[in-house]
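# Structural features, examined
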Amino acid sequence: MACFRKAGFDLCRQLSRTLSSSVNSFALRSHSCGELRAGDVGKRVTLCGWVPRIRKLGKKGPLFIPLRDSYGITQLVVNDQSDNEVSESLASLPPESVISIKGFVAKRPDSMVNKALSTGEIEVQVESVDFVNESSIALPFQLSSTDESFPVHEDLRLQHRYLDLRREEMQRNLRLRSKVSSAIRHFLTSLHGFVEVETPTLFRRTSEGAREFLVPTRDPEKFYALAQSPQQFKQMLMAGGIDRYFQFARCYRDEDLRADRQPEFTQLDLELSFVDMGGIMNLVEEILAHIWRTVLKEEEPLQLPFQQMSYEEATNSYGTDKPDLRFGFEIADVSNWEDSDLAVRGIRGNLSAFLSREELEKLVEKAAEETNVTIGTMKWNKSQDSLTIRIGDTECSMSNTTFGLLASGPRDKVSRLLGRIRSLIGNRLSLTKNVDNELTTSDAGKRKYEFLWVVNFPLFSIDDEGGVKSTHHPFTAPHSSDEALLDYDPLKIRGQHIDLVVNGVEVGGGSIRIHDADQQEKILRDVLKVDATQFDHLLRSLRSGCPPHGGIALGFDRLMAVIVEAASLRDVVAFPKSFNGRDLLTKSPSTL
Ligand code: ASP
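Everything in this summary refers to the structure shown in the same document. All figures in this text were calculated on a predicted structure; none of them were measured in a lab.

Paired through backbone hydrogen bonds, the strands of a sheet run either parallel or antiparallel to each other. The eight strands are arranged β7-β11-β12-β24-β23-β22-β19-β13 in an open sheet whose pairing can be described as mixed. The strands lining the two open edges of the sheet, one partner per strand, are β7 (195-196) and β13 (307-310). When β13 meets strand β19 (residues 451-455), the two strands line up parallel, connected through four bridges. Within β19, the position partnered with Ser310 by the bridge is Val455. Strands β7, β11 (244-252) and β12 (264-273) of the sheet are contacted by helix α5 (residues 168-191), whose axis makes an angle of about 150° with β11. Against the sheet, helix α13 (residues 556-563) touches β11, β12, β22 (497-502), β23 (505-512) and β24 (549-555), its axis set at about 140° to β23.

If you want it as structure tokens, here you go:
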């Protein structure tokens with residue numbers, strides 16, 4: 001048996017000229033490890049891949065090697081005992097070493113057919129082996145191909161991400177992500193005349209909303225800020241006549257981290273001239289329907305148009321502006337004290353049918369911690385099978401059996417707490433994976449993906465210091481019928497803003513923008529009380545004859561995480577930051 005250490009470039013040129021299959025073109029292999037079938041028996045092939053730990057059966061018997069690449073596993077058989085040296089070297093290879101082999105495809109004996117493998121009817125009889133790269137590190141974890149319950153701590157996976165990426169789940173996620181982004185590009189550019197434009201990530205600091213990362217320059221007094229979104233650039237593109245823009249944009253925000261946040265993330269960013277909110281909603285719905293049709297090929301097509309709900313109804317009935325509509329358990333008032341901020345509210349439904357008292361109490365405690373609400377007392381009402389929570393020292397009596405959980409206290413805290421409890425109940429009952437129809441109260445709840453537009457957000461809200469801030473960003477236009485309130489009651493103004501929510505996750509937000517420079521300046525200066533000169537570039541562009549415009553950004557990582565049902569955003573990003581914002585692989589940030 002021949003054993004060669006270096007494959008020459010000529011071999012590559014020769015192979016790639018004769019190949020037809022796309023995953024093998026330009027590569028030093030004739031086939032992937034996932035594609036040989038009974039119909040290929042007799043073919044001479046070149047395969048490359050990783051070897052697992054190999055166990056040799058007896059001193060003289062053949063050696064079986066399940067060679068693996070990103071497309072599958074093909075069983076190799078090394079029969080040739082005349083070259084014992086090669087056989088011995090193979091048997092002693094550390095796992096995850098890379099080899100390349102030449103051989104011919106043979107049919108497996110009937111008794112050896114492996115139905116669990118797509119290549120299970122054949123094996124490749126090896127003629128020569130190239131030991132391409134021997135692995136020389138101790139593996140930090142085992143790479144199993146069936147990794148539904150991969151038990152390895154995420155930090156370890158992130159430290160050795162290049163190995164983690166070899167796992168089937170990560171391969172599937174990243175490959176699907178690539179297909180989805182190329183379907184979106186095709187839809188936007190080939191079918192709808194959008195133009196892909198890259199905008200700078202080195203930007204200036206402005207009060208757009210989120211906290212920015214600063215970048216020092218050679219001039220010790222001057223800093224760039226990393227763009228938190230291409231918002232201002234995309235608006236200036238509208239002034240510049242690029243009337244249908246999109247970009248897969250990297251955005252950077254130095255904010256508190258949560259499971260569904262990364263300091264660096266990707267948005268599908270869109271902007272159009274001469275559009276209204278309906279046009280933006282239609283565009284996004286059609287993009288998603290295109291993905292569902294052409295990439296996911298889901299049996300159940302998306303139901304268009306998506307439902308709409310006002311911000312008020314969402315926060316009232318679900319305690320959040322991103323309600324998960326796959327299950328019921330709505331929140332409702334039991335009683336409301338007139339002229340007071342206090343309320344008794346409850347979660348509808350017989351919770352004790354699904355959760356024990358202890359389980360429910362645990363969820364309440366978790367929700368209280370996450371929402372920063374201090375609970376006074378918790379009491380179990382045996383006769384009604386319901387749990388009563390008191391926030392602060394409100395006295396209340398509750399006797400309604402349609403509620404499985406009741407809470408009393410300041411209205412906004414009660415709603416926030418109940419909203420969080422409701423979504424924890426949803427997670428706890430595995431509703432994120434599979435909806436049990438019994439728990440749903442509407443037909444809508446039977447669907448796997450519950451998309452929802454949340455509309456009529458307040459344009460402004462109160463910030464932590466009691467000042468006025470933009471609910472989204474300062475460029476959102478007010479509803480035209482509310483414009484008169486700008487001078488005397490800005491908090492009552494509704495914004496022309498929409499959020500897209502799916503299964504309780506906010507996957508997008510957009511708006512019609514202010515194109516009147518005077519109105520923009522007034523909002524910045526008089527309502528938000530920020531220095532409007534930092535937006536001179538934008539104001540000048542609006543004054544230059546900027547067409548009316550609007551747009552939206554979809555969180556692409558979040559969208560992909562929903563599509564692949566990932567537990568975390570990190571599972572759809574090749575090299576994410578860890579839960580606390582660090583890159584564990586390259587150990588950054590680091591001191592200089
Ligand atoms: N720039 C906004 C954001 O990043 C999205 C938009 O309004 O288009 O949230």
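Using the criterion set out here, one finds 36 salt bridges in the structure. Across the pair Arg211 and Asp254 runs a salt bridge, and its minimum N-O distance is 3.4 Å. Taken together, the positions of Arg211 in the loop between β8 (202-203) and β9 (214-216) and Asp254 in the loop between β11 and β12 put the pair 43 residues apart, joining distant regions of the chain. The class of Arg211 is exposed, set by a relative accessible area of 54%. A salt bridge links Asp526 to Arg525, with the shortest nitrogen-to-oxygen separation between them at 3.2 Å.

Empty pockets left among the atoms are what a rolling probe the size of a water molecule brings to light. Computed from the structure, the second largest pocket encloses a volume of approximately 330 Å³. Counting residues per element, the lining of the second largest pocket draws most heavily on β9, at three residues. Class assignment for the residues of the lining of the second largest pocket results in nine nonpolar, three polar and five charged.

Taken together, Ser229, Gln231, Lys234, Arg253, Gln267, His473, Gly509, Gly510, Arg513, Gly551, Ile552 and Ala553 make up the full set of residues adjacent to the ligand. Residue Lys234 places a side-chain N or O atom 2.7 Å away from an oxygen atom belonging to the ligand. The contact in question runs from an oxygen atom of the ligand to an N or O atom on the side chain of Arg253, over 2.9 Å. Elements with a minimum of two residues in the shell around the ligand: α6 (231-239), β23 and β24. Per-element tally for the shell around the ligand: the top contributor is β24, with three residues. Tallied by class, the residues present in the shell around the ligand amount to two nonpolar, seven polar and three charged.

Reading guide: rules and limits
- Residues numbered from 1 in each chain as written.
- Predicted model: local features only at pLDDT ≥ 70, side-chain atom pairs only at ≥ 80, totals over all residues.
- Heavy atoms only, no water.
- Pairing = 2+ DSSP bridges.
- Helix = DSSP H or I, 4+ residues; strand = E, 2+ residues; numbered from the N terminus.
- Contact = heavy atoms within 4.5 Å.
- Axes fitted to C-alpha atoms, helices over the stretch in contact; angles between N-to-C directions.
- Salt bridge = Lys/Arg side-chain N within 4 Å of Asp/Glu carboxyl O.
- Buried < 20%, exposed > 50% of the residue type's maximum accessible area, 1.4 Å probe, protein only.
- 1 Å grid on protein atoms, 1.4 Å probe; cavity = no way out; pocket = protein on both sides within 12 Å on 5 of 7 lines; lining within 4 Å.
- Points joined across faces, edges and corners; volume = space filled by probe spheres on them.
- Nonpolar A, V, L, I, M, F, W, Y, C, P; charged D, E, K, R; others polar.
- Near = heavy atom within 4 Å.
- Polar contact = N/O pair within 3.5 Å; in protein donor to acceptor, adjacent residues only side chain to side chain.

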